[in-house]
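Architecture and fold: a report
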Amino acid sequence: MDRPAVAVLFGGRSSEHSISSATASGVLRAIDRDRFRVIPIGITREGVFVLEDDDPEKFALDADHLPEVLDNGTRVVWPEGGSDRTLRVRLPSGELEEVGTVDVVLPILHGLHGEDGTVQGFLDTLSIPYAGGGVLDSALCMDKHFMKIVLEAEGVPVSPWVTVTKRQWQRDPDQVRVDAARLGELTFVKPARAGSSVGVSKVHDPSELDEALSKAFAEDEKVLIESAIVGREIEVAILEGRAGAPAKASLPGEIVLTTREFYDFEGKYLGGDGAQVVCPADLTDDEISSLQQLGIKAFEAVDGRGLARVDFFLAADGLYVNELNTMPGFTPISMFPKCWIASGLSYRELISELIDTALARA
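Residues numbered from 1 in each chain as written. Predicted model: local features only at pLDDT ≥ 70, side-chain atom pairs only at ≥ 80, totals over all residues. Heavy atoms only, no water.

Points about the overall build of the chain
From N to C terminus, the chain includes 11 helices and 17 strands. Its C-alpha atoms give the chain a radius of gyration of 20 Å, near enough to 21 Å, the size a compact globule of 362 residues would have. For the chain, the C-alpha atoms occupy an extent of roughly 60 × 50 × 40 Å along the three principal directions. Of all 362 residues assigned to the chain, the portion counted as buried reaches 55%. (Helix = DSSP H or I, 4+ residues; strand = E, 2+ residues; numbered from the N terminus. Rg over C-alpha atoms; globule rule 2.2 N^0.38 Å. Buried < 20%, exposed > 50% of the residue type's maximum accessible area, 1.4 Å probe, protein only.)

Put into structure tokens, the structure is as follows:
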């Protein structure tokens, strides 16, 4: 039997382009070549789909090198829809070549134009199966404002917050400052539709609010100001069940901060000091069970598909869901794979599980 062809889609137009590209490095290195044929497709920062090199080292991430998809002159020509799944590529010479049939897409894209339901809707229109979240859960979880509304409506505890648009801030900054003050002395300011801690600031007193809003508005015209919850930062990885089976939750992991204010971009991806990923976390059996149950409840609340990472604060008065990420950091050192590795699923097996779930759904 011929191996299914997996189009690994990475890069993209968002500020998380390099993280997506680094994820591709890990996936290309670990994917089971005995089971799957691989077609690497990169998206440049300008939104051009190019046929990429099947070379993990090209996209390796380190502090001195943020990988990037560059325009190599090729142009991926997607199938025309219907029953056609033939992928073609236009070479720099203008010649059109067939790459082969695409059986499933693995969209390891982060942020806008990738993790927000847009690519998912495009693939749905072409009737091409894909791994991960669908249109609804991707769109909901990309927008932290609406995500919180949905979770709160389903009885999932979230931190208190206010949402501010750039227009509101320009029109009535004094009212925004009053609303922010009601949330407590310590707050977080974050773009509503960005990830990897891009544009996030911790505000210690009102004098820091203006700068924090300016930083967040550089990423998005809609921003959240949240009460800072004092507690442990715990994360649980979720996988969709197959054939009607319930979703599965991993053992929880913990972000342990020592000298870092919060788990920022450098701490997550560049090996910065002051933050450590510990998985499994040191928790009681009851705490583990509560985290897993609430993680699955949050996943189901947003009509989750494929996978998600659910981020919690474990505070003195209970659990709070900080956010859901429908395409979490997926490099080999990221929390999502680490949680599943600690739960008995290797990085290679995890990639296969995502692909197999997508194929089974199709």
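Structure shown, so let's carry the discussion forward.
Side note on the sheet that holds strand β7 (residues 104-107)
The strand order across the open sheet built from four strands is β3-β2-β1-β7, with neighbouring strands paired in mixed fashion. Looking at strand neighbours, the two that pair on one side only are β3 (49-51) and β7, the edges of this open sheet. The mean angle between the axes of side-by-side strands here comes to 30°, regardless of whether they run parallel or antiparallel. Judged from the four bridges that link them, strand β1 (residues 5-11) and β7 form a sheet pairing that is parallel. (Pairing = 2+ DSSP bridges. Axes fitted to C-alpha atoms, helices over the stretch in contact; angles between N-to-C directions.)

Comments concerning the sheet that holds strand β9 (residues 187-191)
Pairing within the open sheet is antiparallel, and its four strands lie in the order β8-β11-β9-β10. Looking at strand neighbours, the two that pair on one side only are β8 (161-165) and β10 (201-203), the edges of this open sheet. Each neighbouring strand pair of the sheet contributes to a mean axis angle of 25°, computed without reference to strand direction. Pairing geometry for β9 and strand β11 (residues 222-227), over five bridges, is antiparallel. Counted as the bridge partner of Thr187 is Ser227 from β11.

Notes on empty space enclosed by the protein
One pass over the full model with this rule turns up one cavity of 30 Å³ or more. Here the largest cavity defines a volume of roughly 60 Å³. (1 Å grid on protein atoms, 1.4 Å probe; cavity = no way out; pocket = protein on both sides within 12 Å on 5 of 7 lines; lining within 4 Å. Points joined across faces, edges and corners; volume = space filled by probe spheres on them.)

What to know about helix α7 (residues 209-217)
Among the residues of α7, Leu209, Ala212, Leu213, Ala216 and Phe217 are the ones counted as buried. Along the axis of α7, the buried positions cluster into a sector of 130°, meaning they face one direction only. Looking at the packing, one finds that the buried side of α7 touches β8, α5 (166-171), α6 (173-181), β9, β10 and β11. (Arc of directions from axis to C-beta. Contact = heavy atoms within 4.5 Å.)

A short note on the environment of Pro246
Checked against the element boundaries, Pro246 lands in the loop between β12 (231-239) and β13 (248-249). Overall, the relative accessible area of 61% leaves Pro246 in the exposed class. Between the C-alpha atoms of Pro246 and Glu300, which are 54 residues apart in sequence, the distance is 9.5 Å.

Some details on unusual backbone geometry
Peptide bonds are trans in most cases, and residues, glycine excluded, mostly fall at negative phi. A cis amide bond, omega 5°, links Cys279 with the succeeding residue Pro280. Of note in this structure, Ser127 is not a glycine but carries a positive phi near 60°. In this structure Ser127 comes out as partly exposed when scored by relative accessible area, which is 39%. The residue Asp303 is not glycine, and still its phi comes out positive at about 60°. Within the element layout of this structure, Asp303 appears in the loop between α9 (285-301) and β16 (307-315). On the accessibility criterion, Asp303 (48% relative accessible area) is partly exposed.

Here we look at the side chain of His110
Considering the arrangement of structural elements, one finds His110 in the loop between β7 and α2 (118-125). Polar contacts involving the side chain of His110 include one to the main-chain carbonyl oxygen of Met327, which spans 2.8 Å. Ignoring anything within four residues of it in the chain, the contact list for His110 reads Ser14, Glu16, Ile19, Ser20, Thr23, Glu115, Met327, Pro328 and Gly329. (Polar contact = N/O pair within 3.5 Å; in protein donor to acceptor, adjacent residues only side chain to side chain.)

Overview of the packing of aromatic side chains
Scanning the entire structure with this criterion turns up five aromatic pairs. For the ring pair Phe330 and Phe336, a centre distance of 5.9 Å and an interplane angle of 35° mean the geometry is tilted. When sorted by exposure, Phe330 lands in the same class as Phe336, which is buried. A network of ring pairs unites the aromatic residues Phe49, Trp78 and Phe122 as a single cluster. (Phe/Tyr/Trp six-rings, centres within 6.5 Å; stacked < 30°, edge-to-face > 60°.)

Structural notes on helix α10 (residues 335-342)
The complete set of buried residues in α10 reads Met335, Phe336, Pro337, Cys339 and Trp340. Contacts from the buried residues of α10 go to β12, β13, β14 (253-257), β15 (275-278), β16 and α11 (347-361).

What about the nonpolar core?
In terms of nonpolar packing, the biggest core is built from 34 residues, with Val8, Val27, Ile108, Phe330, Phe336 and Ile351 touching the most fellow members. Taken together, the elements giving at least two residues each to this core come down to β1, α1 (17-30), β7, β12, α10 and α11. By size, the runner-up hydrophobic cluster in this structure holds 31 residues, among which are Ala192, Val236, Ala281 and Val321. (Core = buried A, V, L, I, M, F, W, Y, C linked by side-chain atoms within 4.5 Å.)

The values reported here are purely geometric and, on their own, carry no functional implication.
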